Amino acid sequence: MEPIRRDLYLNRIIDRKENGLIKVITGIRRCGKSYLLFNLYNEYLLSTGVPEDHIIKIALDDDENKELRNPDTLSAFLRNKIADDKSMYYILLDEVQFCISNDELKKNEPIRLYGILNGLMRRSNVDIYITGSNSRFLSTDVMTEFRGRGDEIRVSPLSFAEFFSAYGGDKYNAFTEYSTYGGLPLILSRKNDADKTKYLRDNLEATYIKDVIDRNRLRGDIVMNTLVEILASSIGSLTNPLKLANSFRSAGIPTNESTVSDYITYLGNAFLINKTERYDVKGRRYIASPYKYYFTDIGLRNAALNFRQQERTHIMENIIYNELLVRGFNVDVGIVTYSGKNAHGVRTTIHSEVDFVCNLGNRRYYIQSAFAIPDSDKMNQETASLDRIDDSFRKVIIVGDIIKPWINEKGYLIMSIYDFLLDQKSLEM
């Protein structure tokens, strides 16, 4: 397995170096947060001349550091390591949930760790970086507790470009592998399909879902597991908690809209899924439910279905969505409303969809995902909604075919999934 460079995230951490805030590395478990901080960022600091004794690294999940799980002991240890008030010290804490007691969580008591870290940040020569995840601690909680002193850096599983850099084969075989087993870094160290399948299934059940159930004190009932399967089978489809609850009842599983809504929130807080809202492009407003849900890692999505449903169209759409998030875009599902004739020739209001409306600063892109466009009828179908958007932002169609990027007579950029994923500036061609 080749070393994996994660320069996108490394540069985001470097850009925040010594900014007076506590850097909180967030993201789904097993996505590489610890490696990013303890290996890649540590190497960077050393390369810039930071003395090794000025980088204080503590992995709190290591039994060798179990005494430091006591917040007061940790505080005394860190302050003792900071030998002077002039040179900068960098504190790297991994799995900080080990410093949070069950009593603090159960009784909603003030969490001492947060006070200790905030206190250290009052020193002008201290720069703090932390990670943490599992049922006792979610990174989203930290951002609330630091009350303006935290700076989040969200880390995702490997993008396809990162995956391909360590894969060692051609990009077509790599994409087949990636769209089946996803981008959790350790999947690259599994040698065969059976091992990869087992790794994903075991982690989905024993790590991700178990954490959600434990953290939210849920019963070990069938609702959560069934919900994950339903969401996995319907990526890219519009749905909402009411519709999902009705599906449960039809299957003889008693639940209600409120419970389903709560469970979806729990899965989102654990970074397992993302919810995407609908945006009325012409009306310039958001539309209430239904929503679309996508999995943070396509391999976990496939594992939830025991690798039974391999719909390439929906899988490609999920991968495109994840890539857009990695690049920093805010992503919505676009709706274009216009007057037209239906299949029976009757004039009516037509609601046409744009797969993704992507915004970053003053840039916007309208993107359609189309696994294949075999003829002009399919092309017209894919461009119908784009044709009715009357602003000047770029319109893009991403296809699963092997083609060179080109711009059609309407000015729409058409490119392959491979060019889109492997070139960070592909949307600007």
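Attention in this report is confined to the structure presented alongside it. Every value quoted in this text rests on a predicted model; they were computed, and no experiment measured them. (Residues numbered from 1 in each chain as written. Predicted model: local features only at pLDDT ≥ 70, side-chain atom pairs only at ≥ 80, totals over all residues. Heavy atoms only, no water.)

## Description of the overall build of the protein
Helices and strands together make up the secondary structure of the protein, namely 16 helices and 13 strands. Counting only C-alpha atoms and orienting by the principal axes, one finds that the protein spans roughly 80 × 50 × 45 Å. Classification of the 429 residues of the protein by burial places 52% in the buried group. Contacts in the protein between residues far apart in sequence, at least 24 positions, make up 66% of those at least 6 positions apart. (Helix = DSSP H or I, 4+ residues; strand = E, 2+ residues; numbered from the N terminus. Buried < 20%, exposed > 50% of the residue type's maximum accessible area, 1.4 Å probe, protein only. Contact = heavy atoms within 4.5 Å.)

## Considerations on the pairing of strand β6 (residues 273-280)
One ladder, built from 7 bridges, connects β6 with strand β7 (residues 285-295); its direction is antiparallel. Paired with Thr-276 across the bridge in β7 is Lys-292. Judged from the 3 bridges that link them, β6 and strand β8 (residues 330-341) form a sheet pairing that is parallel. Paired with Arg-278 across the bridge in β8 is Val-333. (Pairing = 2+ DSSP bridges.)

## A closer look at the packing of helix α10 (residues 222-233) against helix α12 (residues 257-269)
Across the interface, α10 lies against α12 with an axial gap of 11 Å and an inter-helix angle of 75 degrees. With respect to α12, the element α10 is oriented roughly perpendicular. Contacts between α10 and α12 involve Val-223, Met-224, Leu-227, Val-228 and Leu-231 from the former and Val-260, Tyr-263, Ile-264 and Leu-267 from the latter. Taken together, the residues that form the contact of α10 with α12 break down as 9 nonpolar, no polar and no charged. (Axes fitted to C-alpha atoms, helices over the stretch in contact; angles between N-to-C directions. Parallel < 35°, antiparallel > 145°, perpendicular 65-115°, else oblique. Nonpolar A, V, L, I, M, F, W, Y, C, P; charged D, E, K, R; others polar.)

## Quick notes on the layout of surface pockets
In this structure, the largest pocket encloses a volume near 690 Å³. Contributing to the lining of the largest pocket are 35 residues, with Arg-154, Ser-156, Asn-274, Leu-325 and Val-326 lying nearest its centre. Of all elements in the fold, only α1 (7-15), α12, β6, α14 (312-326) and β8 reach the threshold of two or more residues within the lining of the largest pocket. Of all the elements, α14 adds the most residues to the lining of the largest pocket, at 6 residues. (1 Å grid on protein atoms, 1.4 Å probe; cavity = no way out; pocket = protein on both sides within 12 Å on 5 of 7 lines; lining within 4 Å. Points joined across faces, edges and corners; volume = space filled by probe spheres on them.)

## Describing the packing of helix α11 (residues 241-250) against α12
Where α11 meets α12, the axes come as close as 8 Å, and the angle between the chain directions of the two elements is 115 degrees. Compared by their axis directions, α11 and α12 come out roughly perpendicular. Where α11 crosses over α12, the handedness of that crossing is right-handed. Here Pro-241, Leu-242, Leu-244, Ala-245 and Phe-248 of α11 come into contact with α12, specifically with Glu-257, Val-260, Ser-261 and Ile-264. Residues that form the contact of α11 with α12 fall into these classes: 7 nonpolar, 1 polar and 1 charged. (Left-handed = near helix turned anticlockwise from the far one by under 90°.)

## Describing the sheet that holds β7
Across the sheet, which stays open at both edges, the 8 strands sit in the order β7-β6-β8-β9-β10-β11-β13-β12 with mixed pairing between neighbours. The open sheet is flanked by β7 and β12 (406-407), the only strands paired with a single partner. Together, β8, β9 (347-360), β10 (363-370), β11 (394-399), β12 and β13 (413-416) form the strand contacts of helix α15 (residues 376-387), whose direction differs from that of β10 by roughly 155 degrees.

## Quick look at unusual backbone geometry
Cis rather than trans, the peptide bond between Ser-289 and Pro-290 has omega equal to 15 degrees. Here Pro-290 shows up in strand β7. One non-glycine residue with positive phi stands out, namely Phe-307, at about 60 degrees. Considering the arrangement of structural elements, one finds Phe-307 in the loop between α13 (298-304) and α14.

## Quick notes on the side chain of Lys-196
Along the chain, Lys-196 falls in helix α9 (residues 193-215). Discounting chain neighbours no more than four positions away, the residues touching Lys-196 are Glu-177, Tyr-181, Ile-187 and Arg-190.

## Points about the sheet that holds strand β3 (residues 89-94)
With parallel pairing, the 5 strands of this open sheet are ordered in space as β2-β3-β4-β1-β5. Edge positions in the sheet fall to β2 (55-59) and β5 (150-154), since each of these pairs with one other strand and no more. When the angles between neighbouring strand axes are averaged without regard to direction, this sheet yields 15 degrees. Pairing of strand β1 (residues 22-26) with strand β4 (residues 126-131) involves 3 bridges; the strand directions are parallel. Paired with Val-24 across the bridge in β4 is Ile-130. Taken strand by strand, α1 contacts β1, β4 and β5, and its axis lies near 170 degrees from that of β5. Sheet strands touched by helix α3 (residues 71-81): β2 and β3. Its angle to β2, the strand with the most contacts, is close to 155 degrees.

## What about the side chain of Asn-408?
Here Asn-408 lies in the loop between β12 and β13. Side-chain polar atoms of Asn-408 contact the backbone nitrogen of Lys-410, separated by 3.0 Å. Within the structure, Asn-408 has its side chain in polar contact with the backbone nitrogen of Tyr-412 (distance 2.9 Å). (Polar contact = N/O pair within 3.5 Å; in protein donor to acceptor, adjacent residues only side chain to side chain.)

## Description of the pairing of β10
Taken across its 8 residues, β10 has 7 buried, putting it largely inside the fold. Relative to β10, β9 is paired through 5 bridges, and the arrangement is antiparallel. Within the sheet, the bridge partner assigned to Val-357 lies in β10 and is Tyr-366. Connecting the antiparallel pair β9 and β10 is a turn made up of 2 residues, with Gly-361 showing a positive phi of about 60 degrees. As paired elements, β10 and β11 share 6 bridges and run parallel to each other. Within β11, the position partnered with Ile-367 by the bridge is Val-396. Assessed by its sense of winding, the connection that carries the chain from β10 through α15 to β11 is right-handed. (Right-handed = clockwise from strand over helix to strand, strands pointing away.)

## Description of the packing of aromatic side chains
Tallied over the entire structure, the rule returns 16 aromatic pairs. Geometrically, the ring pair formed by Tyr-41 and Tyr-44 is stacked, given 5.9 Å between the ring centres and 20 degrees between the ring planes. Taken together, the positions of Tyr-41 and Tyr-44, both in helix α2 (residues 33-47) and 3 residues apart, correspond to about one turn of that helix. On the basis of relative accessible area, Tyr-44 is assigned to the partly exposed category, the value being 23%. Between Tyr-41 and Tyr-129 the ring centres are 4.9 Å apart and the planes differ by 50 degrees, which places this aromatic pair in the tilted class. Highlighted residues: Tyr-41 in helix α2 and Tyr-129 in strand β4, separated in sequence by 88 residues. For the pair formed by Tyr-41 and Tyr-129, the shared burial category is buried. (Phe/Tyr/Trp six-rings, centres within 6.5 Å; stacked < 30°, edge-to-face > 60°.)

Interpretation note: all reported values are geometric properties and have no functional meaning in isolation.
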